[in-house]
Amino acid sequence: QSFFATSGLLAGKKALVTAGGTQEPLDPVRYLGNRSSGRMGFAVAEALREAGAETILVSAPNELPTPPGVRRIAVMTAEEMHAAVMDEFAHMDIVVKAAAVADYRPLANAEQKIKKDGSSLTLELVPTPDILAECGKKKERQFLVGFAAETEKLYEHAQAKMQRKNVDMLVANDVTKPGAGFGSPTNIVSLLFPNGKKIDLPQMNKLDVARRLVQEIAERLSEKE
Ligand code: CTP
Ligand code: CA
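Residues numbered from 1 in each chain as written. Chains lettered and ligands numbered in written order. Predicted model: local features only at pLDDT ≥ 70, side-chain atom pairs only at ≥ 80, totals over all residues. Heavy atoms only, no water.

(A) Expanded view of the overall build of the protein. Secondary structure summary: the protein contains 5 helices and 14 strands in total. Over its C-alpha atoms the protein spans a radius of gyration of 18 Å, differing by no more than 12% from the 17 Å that the globule rule assigns to 225 residues. In terms of principal-axis extent, the alpha carbons of the protein reach across some 60 × 35 × 30 Å. Buried residues in the protein amount to 50% of all 225 residues. Excluding contacts between residues fewer than 6 apart, the proportion of contacts in the protein whose partners are at least 24 apart in sequence is 62%. Accessible area of the protein: about 11,500 Å², with a carbon and sulfur share of 50%. (Helix = DSSP H or I, 4+ residues; strand = E, 2+ residues; numbered from the N terminus. Rg over C-alpha atoms; globule rule 2.2 N^0.38 Å. Buried < 20%, exposed > 50% of the residue type's maximum accessible area, 1.4 Å probe, protein only. Contact = heavy atoms within 4.5 Å. Areas by Shrake-Rupley, 256 points an atom, 1.4 Å probe, with all protein chains shown as cover.)

Printed below as a string of structure tokens:
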């Protein structure tokens, strides 16, 4: 696959990507979920692999095919994703958190299907672990990439996330733009860096966005070394 500009750039590196929307069970037939398709994360895993990295894809449930040469670890909930990421984190050189992780889960997962009785129902939700923030605290040599899906104040919110979670690159997208984010085959993202640099990318298909991310990662990884 020598026709990729990124070919061989990440040879010998180990990378982990999370993708998809976690599902938080409520009862045996229902869950709390979100509109993430998983496509952006799958494209990142494909692009990392193309660049020669040994790549693990920790994915919430979806129908997408696993990119060739990528090891897929299937998870369902935020807590399962947390466990899978933390298991591998110490060995990784690059960690990209593209997953849409549920921020809350139902406190109770009912053993039997919840029955309606005509009155209103209140669900108690409890917070899930923030996987990216934990990676940011634990990181040593790892190059850590976070995503921020926003519906308003894109730069302000994304900037705050970058600092709070101690990431090396933050991929911000305004999910209200047509052609960006959830469900779309394309994305429109801005890349933010801790030194204040910002790159606004035009609308591109998700694999091209992913290849561009890989170039940026490779450049900065070689600066770190
Ligand atoms: N993330 C995570 N674990 C969580 C929630 C989010 O690892 N429990 C990661 C996502 O994978 C993403 C980044 O944190 O890379 C930002 O996710 P986002 O939902 O945009 O931000 P939050 O910090 O959850 O803040 P909020 O949803 O309130 O905007
Ligand atoms: Ca969130």
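Next comes the rest of the description.
(B) The arrangement of the side chain of Thr 128 in detail. Along the polypeptide, Thr 128 turns up in the loop between strand S8 (125–127) and helix H3 (131–138). Looking at Thr 128, its side chain comes within polar contact range of the main-chain oxygen of Ala 102, at 2.6 Å. Beyond its immediate stretch of four places on either side in the chain, Thr 128 contacts Ala 78, Ala 102, Asp 103, Tyr 104 and Arg 105. (Polar contact = N/O pair within 3.5 Å; in protein donor to acceptor, adjacent residues only side chain to side chain.)

(C) Here's a closer look at the site of ligand 1. Taken together, 17 residues surround ligand 1, and among them Lys 97, Ala 99, Leu 132, Lys 161 and Lys 165 come closest. Interatomic distance of 3.0 Å between a backbone N/O atom of Ile 131 and a nitrogen atom of ligand 1. Between an oxygen atom of ligand 1 and a side-chain N or O atom of Lys 161, the distance comes to 2.7 Å. Protein chains shield 78% of the accessible area of ligand 1, which is 570 Å² for the free molecule. In this structure the site holding ligand 1 corresponds to the largest pocket. (Near = heavy atom within 4 Å. 1 Å grid on protein atoms, 1.4 Å probe; cavity = no way out; pocket = protein on both sides within 12 Å on 5 of 7 lines; lining within 4 Å. Sits in = over half its atoms within 2 Å of the grid points.)

(D) Structural view of the UniProt feature "binding site: CTP" (unreviewed entry) in the protein. When the UniProt feature table is mapped onto this chain, "binding site: CTP" (unreviewed entry) is found at Asp 103, Lys 113, Pro 129, Asp 130, Ile 131, Leu 132, Phe 147, Lys 161 and Lys 165. Considering the C-alpha atoms alone, the annotated residues occupy 63 residues of sequence and remain spread out, their largest mutual distance being 37.5 Å. The annotated residues that sit in the lining of the largest pocket are Asp 103, Pro 129, Asp 130, Ile 131, Leu 132, Phe 147, Lys 161 and Lys 165. When you line up the elements, Phe 147 lands in strand S9 (residues 143–150). Looking at Phe 147, the relative accessible area reads 18%, which means it is buried. Locating Lys 165 in the fold gives a position in helix H4 (residues 154–165). Classification of Lys 165 by relative accessible area gives buried; the value is 13%. (UniProt positions renumbered as here; feature names shortened; annotations may be inferred.)

(E) Here's a closer look at helix H1 (residues 39–50). Here H1 spans 16 Å end to end across 12 residues, near enough to the 16 Å set by a 1.5 Å rise per residue. Of all 12 residues in H1, 9 are buried; the element is thus mostly enclosed. Buried residues of H1: Met 40, Gly 41, Phe 42, Ala 43, Val 44, Ala 45, Ala 47, Leu 48 and Glu 50, and no others. Backbone geometry just after H1 places Gly 52 at a positive phi near 100°. (Expected span 1.5 Å × (residues − 1).)

(F) Examining the packing of helix H2 (residues 78–89) against H3 more closely. At a minimum axis distance of 10 Å, the contact between H2 and H3 shows a crossing angle of 20°. Comparing the axis directions of H2 and H3 gives the class roughly parallel. Crossing hand, H2 versus H3: right-handed. Contacts between H2 and H3 involve Ala 78, Met 81, His 82, Val 85, Met 86 and Phe 89 on the former and, on the latter, Ile 131, Glu 134, Cys 135 and Lys 138. Grouping the amino acids of the contact of H2 with H3 by side-chain chemistry returns 7 nonpolar, 1 polar and 2 charged. (Axes fitted to C-alpha atoms, helices over the stretch in contact; angles between N-to-C directions. Parallel < 35°, antiparallel > 145°, perpendicular 65-115°, else oblique. Left-handed = near helix turned anticlockwise from the far one by under 90°. Nonpolar A, V, L, I, M, F, W, Y, C, P; charged D, E, K, R; others polar.)

(G) Broad picture of the sheet that holds strand S10 (residues 169–174). Pairing within the open sheet is mixed, and its 8 strands lie in the order S5-S4-S1-S6-S9-S10-S12-S13. Two strands lie at the open edges of the sheet, namely strand S5 (71–74) and strand S13 (198–200), each paired on one side alone. Here the average twist between neighbouring strands, direction ignored, is 15°. Pairing analysis gives 6 bridges linking S9 to S10, with the strands arranged parallel. Its bridge partner lying in S10, Ala 148 is registered against Ala 172. (Pairing = 2+ DSSP bridges.)

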